[in-house]
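# Structural overview
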Amino acid sequence: MKKIIPLVIIAALFVVNLISCNSSPSTGGDGISADSVTVIKGEAIFTQNCSTCHNFKQGSIGPQLGGVTDSMPVDWIRHFIRDPKKIIESGDARAALLFKKYKVVMPGFSAFSDDEVSSLIAFMHSHKGAHKRAGNYDANALSNPIKDTISLSNLVVDLTLVTQIPPSSDSGKLPLTRITKLDVEPQSGNSFILDLRGKLYKLQNNKPHVYMDIARLRPKFITEAGLGTGFGSFAFHPDFARNGLLYTAHSEVPGSGKADFSYDDSIKVALQYVLTEWKTGHPGADTFSGTSREILRINMPYIIHGIQEITFNNLVKPGKKDYGMLYVGVGDGGCVEQGYPFLTHSPEKIWGTILRIDPLGRNSSNGQYGIPFDNPYTKNQDKNTLREIYALGFKNPHRITWGKAGQMMVCNIGEGNIESVNMILPGHDYGWPIREGNFVLDPYGDLTKVYPLPANDSIYHITYPVAEYDHDGGWTAISGGYEYLGTTIPQLLGKFLFGDIASGRLFYIEMNDVKQGRLAEIREWKFTLNGKPLTFKDIAGNDHRVDMHFGRDARGELYILIKPDGKIYKLVSASSKGNWPRNRQQK
């Protein structure tokens, strides 16, 4: 099939041909340019600066923008782009409603020139309002899917600052870093920290040292426009000290290589995610040097929900069947939000799955990795089945970990309503995009709405979360999630700790309550920093996303990573006396 010209370009050219037969710029009665060059320039600005939070179909981190130029005056849009905080503080009704719903202030773009703002508005104007379903389809939509509030426990954990990762923001704007993962090389016990903008740091005496720079090693590496782009994840082979093997996932520009997993070329490729094996002859070195080989490459339809988790089960012992098996969390690539839900939720599709592969094997279709004989789909007779798949039905399997008793746990970032903790069973279907948590979702409809389960739900064979919460409190994305396996804080033993990326709120469930077919109670916990009661909103600043992530070291102790300033905190002690002020509210 021939390549299809992007729809926005066709629309812009069509408008130009209707208005003028020459190449001079044109504007409508509203003063918005309809010139194709201006629209294309605006598309580039939108992709670089806005697409991480907005699209033109569904609400996401921010509202969908389809039809915004028809519903709001151009001057209002122009001023809001430049200084949204000022508009909110002025008492503007629409701005106040947006802030109430999304709980975060959009960063201002005061540095944009008038021409850049005009181009951006022209591109937005080329996208009309999202399609509204006729009839009374939404009559059964649930306005408050989970009515029970999360209770505040009496658990208070004291944190201490361990280190601060150097800023990776060239502009100096927040977040200064994009740190998302702390993990270990299991045999040495050394901790490593990943910044999505391209660097892997090794902690030496609690000081970060650059161990690997993907941006330097891979010229086609991209880290813009954020969210699902960049240095997605890393994992040291459990025998790294002997074989020197390290695995990474990172994003590259479209067409950087031949994809092993692709789709019809009428759908745009926004980026490619690449899984790479690196080999060093000096496993104990402070800086990586060695060779690499590509394991697999996946086309992604949008810049969100890529490969943001790869890991080995480092709790399993040598000789066990899971030893040395690499788990890969593949997000749906934004295909549902972009209107392509048919790309996911199938054992024939790689998007929205967890893979289990043997990186030392070679029986895959591309001959670069192995498919374990005990994977759940290996005996499937359908030749189109992807036998790499271990489980499916995920939007964005954010973190894959194991509990002390061997439970495989995955936190799945939701869409408009539900964030979930899942216990993973091989071959099971976790529902996305026809389910979000324990609720029905219409993948072709309004993704901000969920519905009750049908009476005949059992025929769908969906495996539901073991814990979930909704967005009542403005929480927007789950940050997972580890069982505490350390020894210094006995009050945390048996608890699976997680939180919310945007708000910085902290939760736990009891691992004894984790049972398939029922929901464990989620409870909130608080922290002090060197004995002082704080919230992560205090630390990050109330106007900004907290961007919080968890990590676990070789001793099972837990850490919290914060993107805005690059600081890493360790959980050092706990009290069950509830000495965090009860009258202090989360900002």
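To be clear, the structure that these remarks concern was listed above.
Just so it is clear, the structure is predicted and the values come from calculations on it, not from any experiment.

Hydrogen bonds between backbone atoms are what pair the strands of a sheet, whose relative direction is either parallel or antiparallel. Strands sit in the order β10-β11-β12-β13 across an open sheet of four strands; the sheet is antiparallel. Strand pairing shows two members of the sheet lacking a second neighbour, β10 (307–312) and β13 (389–392), which therefore form its edges. Direction aside, the axes of adjacent strands within the sheet are offset by 15 degrees on average. The sheet contact formed by strand β12 (residues 353–357) and β13 spans three bridges and is antiparallel. Bridge pairing in β13 places Ile-354 opposite Ala-391.

The next subject is the packing of helix α4 (residues 74–82) against helix α7 (residues 114–125). Between two packed helices, what matters for the description is the angle formed by their axes and the separation of those axes. At a minimum axis distance of 11 Å, the contact between α4 and α7 shows a crossing angle of 120 degrees. The orientation of α4 with respect to α7, classified from their angle, is oblique. Regarding α4 and α7, the two cross each other, and that crossing is right-handed. Packed against α4, whose contacting residues are Val-74, Ile-77, Arg-78, Ile-81 and Arg-82, the element α7 presents Asp-114, Val-117, Ser-118, Leu-120, Ile-121 and Met-124 at the interface. Its residues assigned to classes, the contact of α4 with α7 comprises seven nonpolar, one polar and three charged.

Moving on to the side chain of Asp-239. Summarising the element assignment, Asp-239 is placed in the loop between β6 (231–236) and α9 (240–243). Given a relative accessible area of 15%, Asp-239 falls into the buried group.

Moving on to the sheet that holds strand β8 (residues 271–279). The sheet built from four strands is open, its strands ordered β6-β7-β8-β9 with antiparallel pairing. One side of each edge strand has no neighbouring strand; the edge strands of this open sheet are β6 and β9 (291–300). Across this sheet, the average inter-strand angle for adjacent strands is 15 degrees, counted without regard to direction. Judged from the nine bridges that link them, β8 and β9 form a sheet pairing that is antiparallel. Within the sheet, the bridge partner assigned to Glu-277 lies in β9 and is Arg-293.

Residues Ile-298, Ile-310 and Leu-326 are the most contacted members of the largest nonpolar core, which totals 47 residues. Residue assignment for this core shows that the elements contributing at least two residues are β7 (245–252), β8, β9, β10, β11 (326–330), β12 and β13. With four residues, the single largest contributor to this core is β9. Counting residues in hydrophobic clusters, the runner-up holds 26 residues, among them Met-72, Val-74, Ile-81 and Met-124.

Considered for burial, the residues of α4 that qualify are Val-74, Trp-76, Ile-77, Phe-80 and Ile-81. Buried residues of α4, seen end-on, are gathered within an arc of 160 degrees and therefore sit on one face of the element.

As enumerated under the stated definition, the model contains 21 aromatic pairs in all. Here Tyr-469 and Phe-507 contribute two aromatic rings whose centre-to-centre distance is 5.2 Å and whose plane-to-plane angle is 55 degrees, an arrangement assigned as tilted. Of this pair, Tyr-469 sits in strand β19 (residues 467–470) while Phe-507 sits in strand β22 (residues 506–510), and the two are 38 residues apart along the sequence. Residue classification places Tyr-469 among the buried residues on the basis of a relative accessible area of 2%. Assessed through its relative accessible area of 0%, Phe-507 is described here as buried. Members of the aromatic cluster, joined through ring pairs, are Phe-192, Tyr-211, Phe-234, Phe-236, Phe-240, Trp-278 and Phe-288. Over the aromatic face of Tyr-460 sits the side chain of Arg-435, whose NZ or CZ is 4.9 Å from the ring centroid. Here the basic side chain of Lys-495 rests over the ring of Tyr-508, its NZ or CZ set 5.0 Å away from the ring centre.

Scoring rules and cut-offs
- Residues numbered from 1 in each chain as written.
- Predicted model: local features only at pLDDT ≥ 70, side-chain atom pairs only at ≥ 80, totals over all residues.
- Heavy atoms only, no water.
- Pairing = 2+ DSSP bridges.
- Helix = DSSP H or I, 4+ residues; strand = E, 2+ residues; numbered from the N terminus.
- Axes fitted to C-alpha atoms, helices over the stretch in contact; angles between N-to-C directions.
- Parallel < 35°, antiparallel > 145°, perpendicular 65-115°, else oblique.
- Left-handed = near helix turned anticlockwise from the far one by under 90°.
- Contact = heavy atoms within 4.5 Å.
- Nonpolar A, V, L, I, M, F, W, Y, C, P; charged D, E, K, R; others polar.
- Buried < 20%, exposed > 50% of the residue type's maximum accessible area, 1.4 Å probe, protein only.
- Core = buried A, V, L, I, M, F, W, Y, C linked by side-chain atoms within 4.5 Å.
- Arc of directions from axis to C-beta.
- Phe/Tyr/Trp six-rings, centres within 6.5 Å; stacked < 30°, edge-to-face > 60°.
- Lys NZ or Arg CZ within 6 Å of the ring centre and 35° of its normal.

Shape descriptors only; they carry no functional weight alone.
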